[in-house]
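Coordinates in review
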Protein chains: 2
Amino acid sequence: MTESTSAAEGVAISDPAYQAAVVDLLGVISCAELAAFERLAEDAKLAPELEDRIALVTMAAVEVDNLLKLRDRLASLGVDPHEAMARFEPALEAFHRHTSPSNWLEGLVKAYVGDGLARDFYAEIAAFVDVETRELILASLRRDVHSEFVVQRVRDAIAADPRVGGPLALWGRRLMGEALTQAQRIAADHDALSALLAGGVDRPGMDLASLGRMFNRLTERHAERMAELGLAH
Amino acid sequence: MTESTSAAEGVAISDPAYQAAVVDLLGVISCAELAAFERLAEDAKLAPELEDRIALVTMAAVEVDNLLKLRDRLASLGVDPHEAMARFEPALEAFHRHTSPSNWLEGLVKAYVGDGLARDFYAEIAAFVDVETRELILASLRRDVHSEFVVQRVRDAIAADPRVGGPLALWGRRLMGEALTQAQRIAADHDALSALLAGGVDRPGMDLASLGRMFNRLTERHAERMAELGLAH
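Residues numbered from 1 in each chain as written. Chains lettered and ligands numbered in written order. Predicted model: local features only at pLDDT ≥ 70, side-chain atom pairs only at ≥ 80, totals over all residues.

Side note on the overall build of chain A
Rules: The numbering of helices and of strands both runs from the N terminus, where a helix is a DSSP run of H or I of at least 4 residues and a strand a run of E of at least 2. Here the globule rule reads 2.2 Å times residues to the power 0.38, and the radius of gyration is calculated from C-alpha atoms. With C-beta atoms placed from the backbone, the exposure class of a residue follows from how many other C-beta atoms lie within 10 Å of its own: 20 or more, buried; 12 or fewer, exposed; in between, partly exposed.
Helix and strand content of chain A: ten helices and zero strands. Traced from its N-terminal end to its C-terminal end, chain A shows the element sequence α-α-α-α-α-α-α-α-α-α. Computed over the C-alpha atoms, the radius of gyration of chain A is 18 Å, within 12% of the 17 Å expected from 2.2 N^0.38 for a compact globule of 233 residues. Referenced to the eigenvectors of the C-alpha coordinate spread, the extents of chain A come out at roughly 55 × 35 × 30 Å. Taking all 233 residues of chain A together, the buried fraction comes to 42%.

Structure follows, in structure tokens:
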């Protein structure tokens, strides 16, 4: 998928530094899925129709299913999964506190754009780990059609009143900014994760140029999602 | 399961009054599952440990899975599933508003005792409908081991401080009282459902004696659950 897809092949999973990075990665994604569950469950209450509320709680339930798979994997690595997750709670809580939707449409845009951004980001990092862990992570990030309804609802709202588009476009930019802030904080606070990206003697890492390219890919996909919703990036 | 298990065999599903009752029954259970999801998601925030929080959000996610199956069945009957559910929102919201847990242990007892009571009640009513609908309902009411942890947590809390047992026992009685109040309200407000229980020319119903026996069964199972938690009924 990316230039680093095969970066981790041949890495000894018994290497403690590598193990720590995998535990961190599984921990942060599990924690993000729990936080996303709570946010979606909360935002569902803003839904104007029962149908919309059910669509959002369904997205919330999918987060739980994914979280449980990652938690089991953490347990199978011989670590306390809850400890691995708890380390990331402050950053994820800060993200959600700073991006608390003030209405139903902001909640929908966040469920689509914020969630998509997070998934792209974790998928990029997953390129640096072994195949088995990577496949588990990618499977847990996969979404089915649930979020299709978000696109329709947002486009319908803009068609009904074009004035809602401007504030929602700003909101999308703010989600991107907050996500980057917290991603940076997570990387700074968790040495094992940054070391994973930096590479080592026996495994390739990311130099500044490839970090730049990764950032470009994330930004492009964010812009695509905004465009799908009918919002200017 | 009950004396009326075979009550609905041979009932013409095309009978409009019977159809209306089935739609009501599927509607009230779906709506109850959505309400239970919201309550469990909310109460999970009170969890002292991440492990407990995950246990509760897992129970919440199971409610969504069940709700979706019943919603699909409603749609296949040619009715608007959201309309069928919406009729029961006031009664279910009232139940949850009147039984809002003031702490984590009350939330746990409610998740176990309140949920168990509701399931027993719907299972009793399901005895009056056709096999296919009944099996769908019973499957949606089935729980796996998720709630085992509730029993352990409550027993541990009482062992650590026996004084918490008294208030929790009172809380369990209050849950029973509120559940009966709302069940009565639902029966009074929804003629099709009460007609289902009362029976008709071509199908047996419940007389006062069998209604009394049903009430006894519900009370007995409630007492069993309270005892499992280490609480006096």
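After presenting the structure, the write-up continues.
Thoughts on the relation of the copies chain A and chain B
In summary, the two copies of the chain are related to each other by a rotation about an axis coupled with a shift along it. Condition: Least-squares superposition aligns the copies on the C-alpha atoms of those residues with pLDDT at or above 70 in both. Residues are defined as contacting one another if the C-beta atoms placed from their backbone atoms lie within 7 Å.
Expressed as a screw transformation, the operator carrying chain A onto chain B has a rotation angle of 180 degrees and an axial translation of 0.0 Å, and the superposed copies differ by an RMSD of 0.0 Å. With respect to symmetry, the two chain copies, as superposed, fit the operation of a two-fold axis. For chain A, the minimum C-alpha distance to the rotation axis belongs to Ala 61 of chain A and amounts to 2.2 Å. Here 100% of the interface residues in chain A have copies in chain B that are interface residues too; the copies meet face to matching face.

Description of the interface of chain A and chain B
The condition that has to hold: Residues were grouped as follows: Ala, Val, Leu, Ile, Met, Phe, Trp, Tyr, Cys and Pro as nonpolar; Asp, Glu, Lys and Arg as charged; and all remaining residues, including Gly, as polar.
Contacts between the two partners involve 17 residues from chain A and, on the opposite side, 18 residues from chain B. When residues of the side of chain A that touches chain B are traced back to their parent elements, those giving at least two are helix H1 (16-44), helix H2 (50-76) and helix H3 (81-86) of chain A. Looking at the side of chain A that touches chain B, the element that brings in the most residues is H2 of chain A, giving nine residues. Residues of the side of chain A that touches chain B, tallied by class, amount to eleven nonpolar, two polar and four charged.

Quick word on the environment of Ala 157 of chain A
All names here are of chain A. Within the element layout of this structure, Ala 157 appears in helix H7 (residues 148-160). The sequence separation of Ala 157 and Leu 105 amounts to 52 residues, and the corresponding C-alpha distance is 8.2 Å. For Ala 157, the residues in contact, after removing those within four places along its chain, are Leu 105 and Val 164.

Details of the packing of H1 of chain A against helix H9 (residues 191-198) of chain A
All names here are of chain A. Here is the rule we go by: As a rule, the C-alpha atoms of each element are fitted with a line to give its axis, helices using only the stretch in contact, and angles between N-to-C directions run from 0 to 180 degrees. What sets the label is the angle itself: under 35 degrees gives roughly parallel, over 145 gives roughly antiparallel, 65 to 115 gives roughly perpendicular, and the rest give oblique. Should the near helix be turned anticlockwise from the far one by less than a right angle, the crossing is termed left-handed; should it be turned clockwise, right-handed.
Running from N to C, H1 and H9 point in directions that differ by 110 degrees, and their axes come no closer than 8 Å. Viewed along their axes, H1 and H9 adopt a mutual orientation that is roughly perpendicular. Handedness of the H1/H9 crossing: left-handed. Here Ala 17, Ala 20, Ala 21, Asp 24 and Leu 25 of H1 come into contact with H9, specifically with Ala 192, Leu 193, Ala 195 and Leu 196. Residue composition of the contact of H1 with H9, grouped by class: eight nonpolar, no polar and one charged.

Focus on helix H4 (residues 89-98) of chain B
Residues and elements named next belong to chain B. Rule in force here: Arc, as used here, means the arc of the directions from the helix axis to the C-beta atoms.
Among the residues of H4, those classed as buried are Ala 91, Leu 92 and Phe 95. Buried residues of H4, seen end-on, are gathered within an arc of 95 degrees and therefore sit on one face of the element. Packing partners of the buried residues in H4 comprise helix H1 (16-44) and helix H8 (165-189).

A few points about the environment of Asp 120 of chain A
Within the secondary structure layout, Asp 120 of chain A lies in helix H5 (residues 104-126). With 21 residues separating them in the primary sequence, Asp 120 of chain A and Leu 141 of chain A have C-alpha atoms 8.6 Å apart.

Examining the environment of Asp 52 of chain B
All names here are of chain B. Here Asp 52 lies in helix H2 (residues 50-76). Given 19 C-beta atoms within 10 Å, Asp 52 falls into the partly exposed group. Not counting the four nearest positions on each side in its chain, Asp 52 is found in contact with Ala 47 and Arg 153.

Some details on the nonpolar core
Our working definition: Defined on buried residues, the nonpolar core groups Ala, Val, Leu, Ile, Met, Phe, Trp, Tyr and Cys residues joined through C-beta atoms within 7 Å.
Counting 132 residues, the largest nonpolar core has Val 57 of chain A together with Val 57 of chain B as the members making the most contacts within it. The residues contacting Val 57 of chain B, other than those within four sequence positions of it, are Leu 34, Phe 37 and Val 64 of chain A together with Ala 41 and Ala 44 of chain B.

Side note on helix H6 (residues 131-141) of chain A
Residue and element names in this part refer to chain A. Within H6, burial applies to Arg 134, Ile 137 and Ser 140. One side of H6 carries all its buried residues, which in axial view fall inside an arc of 130 degrees. Along H6, exposed side chains directed more than 90 degrees from the buried face belong to Val 131, Glu 132, Glu 135 and Ala 139. Packing partners of the buried residues in H6 comprise H1, H2 and H5.

Observations regarding the packing of H4 of chain B against H8 of chain B
Residues and elements named next belong to chain B. Closest axis-to-axis distance for the H4/H8 pair is 10 Å, and the angle between their directions is 165 degrees. In terms of axis orientation, H4 runs roughly antiparallel to H8. Remark: the crossing between H4 and H8 carries right-handed chirality. Every residue of H8 that contacts H4 at Ala 91, Ala 94, Phe 95 and His 98 is listed here: Glu 178, Ala 179, Gln 182, Arg 185 and Ile 186. Residue composition of the contact of H4 with H8, by class: five nonpolar, two polar and two charged.

Remarks on the confidence of the model for chain A
Residue and element names in this part refer to chain A. Applied cut-off: pLDDT: the predictor's confidence for each residue, scored from 0 to 100.
With 92% of its residues at a pLDDT of at least 70, chain A reaches an overall mean of 88. Within chain A, the lowest mean pLDDT, 85, falls on H9, and the highest, 96, falls on H3. Confidence drops under pLDDT 50 across residues 1-8; counting only partners more than four residues distant or on other chains, this segment forms 17 contacts. For this predicted complex, the interface confidence score (ipTM) comes to 0.84, while the overall pTM stands at 0.86.

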